[in-house]
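Below, each chain spelled out in residue letters.
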Amino acid sequence: MKYRRLGRSGLKVSEIGLGSWLTYGSATSEQAARACIEKAYELGINLFDTSNSYPGAEEVVGHALRAYPRSRYVLATKVFFPQGEGPNERGLSRKHITEQCEASLKRLGTDYIDLYQCHRFDNDTPMDETLRALDDLQTQGKILYAGVSEWTAEQIAEASGISTRLNMRPLISNQPIYNMFERYIEKDSIIEQCEKDGLGLIVFSPLAQGILTGKYTPGGQIPAGSRAANNQTNGVINSYLREDVLECTVALSQLAAEVGCSLSQFALAWVLRQSVVSSAIIGSSRPEQIEENIKAIELELTADILAKTENILSSISHFAPMR
């Protein structure tokens, strides 16, 4: 495994991280989830990402990781989405952040969270209140670092300015969606802003919900047991199930074969070509998937291959992201 610093911090995370969105605690049994986490740890993955909004995931991840020394892994979770019907059971107010941090600590079965992330931006809470609450949790030792997910360049810049002005610990990460089809962070100045303010990117859905594994083909049947076949999760993947996108994956698979790797390895290496990307979060329901995907860290994509990739991707019509 290879490791990169998370932004300007001293924290080092594996280039491939393991996530639990739409998998652990819901679509995947606890036994299967534990097997994946064990394999990931064995192969050197040290970043394990979850959220209080993924049903049952924090308990599953926390239970599996208790077998290992706490200093050997980086545990990341999130706060924002509703946890009840009350007006204060959502968002990024001091009340909700404080209460949900305590709840996550209990579900995870740990004394501290390495990386606590604001799962989305909260328009109803002053940003200085959110940042002060996160800073206070760091002072208390309940979280070590703070980050965000899917924040705009303007929101990240504002947070950086507030943290500097009020002498608070800065954010160290942003977790956006990023893959060959969803590239808004390149166009919306998010990469540049994160580089400027010292935030590392922990990108999710680098394989586009499994589309970039090559299992879905133009005009083909949806494979049994796949994410698209699962009624609980296929709403997320539907935006990718387009003929132009699937035809593009065929061409990308051929290019990956030219490089000498699988499409999933190629797609992960493509994401990791960005130095601001600290880690790419993969999901997995089987240990063998992890073994295959981590081989991406050994790939070096040449300028010629990257140019061919851009040529293939240029054939896709406007892609409406589903975030």
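Up top you'll find the structure we're talking about.
Let us look at the structure shown here. (Residues numbered from 1 in each chain as written. Predicted model: local features only at pLDDT ≥ 70, side-chain atom pairs only at ≥ 80, totals over all residues. Heavy atoms only, no water.)

What to know about the sheet that holds strand E10 (residues 277-282)
Sheets are built from strands paired through backbone hydrogen bonds, the pairs being either parallel or antiparallel.
Right, so step 1: Ordered in space as E3-E4-E5-E6-E7-E8-E9-E10, the 8 strands form a closed barrel in which the pairing is parallel.
Right, so step 2: On the sheet, helix H4 (residues 127-139) packs against strand E6 (113-118) and strand E7 (143-148) and is oriented at approximately 155° with respect to E7. (Pairing = 2+ DSSP bridges. Helix = DSSP H or I, 4+ residues; strand = E, 2+ residues; numbered from the N terminus. Contact = heavy atoms within 4.5 Å. Axes fitted to C-alpha atoms, helices over the stretch in contact; angles between N-to-C directions.)

Structural notes on helix H7 (residues 190-197)
Right, so step 1: Taken together, the buried positions of H7 are occupied by Ile190, Ile191, Gln193, Cys194 and Asp197. Viewed end-on, H7 has its buried residues packed into an arc of 165°, placing them on one side of the element.
Right, so step 2: Check the buried side of H7 and you find it contacts helix H5 (153-165), strand E8 (173-174), helix H6 (184-187) and strand E9 (200-203). (Buried < 20%, exposed > 50% of the residue type's maximum accessible area, 1.4 Å probe, protein only. Arc of directions from axis to C-beta.)

Observations regarding the nonpolar core
Right, so step 1: Grouped together as the largest cluster of nonpolar side chains are 87 residues, with contacts concentrated most on Phe48, Phe181 and Leu252.
Right, so step 2: For this core, the leading source of residues is helix H10 (residues 263-272), giving 8 residues.
Right, so step 3: If we skip the residues at most four places from it in the chain, Leu252 touches Met180, Phe181, Leu212, Leu263, Phe266, Thr309, Ile312 and Leu313.
Right, so step 4: Among the nonpolar cores identified, the runner-up in size contains 10 residues, and Leu47, Val74, Ile202 and Ile281 belong to it. (Core = buried A, V, L, I, M, F, W, Y, C linked by side-chain atoms within 4.5 Å.)

A word on the pairing of strand E3 (residues 16-19)
Right, so step 1: With burial as the criterion, each face of E3 is covered, one bearing Ile16 and Leu18 and the other bearing Gly17 and Gly19.
Right, so step 2: Summarising the sheet, E3 and strand E4 (residues 47-49) pair through 2 bridges and their orientation is parallel. Each residue of the ladder has a partner; that of Leu18, found in E4, is Phe48.

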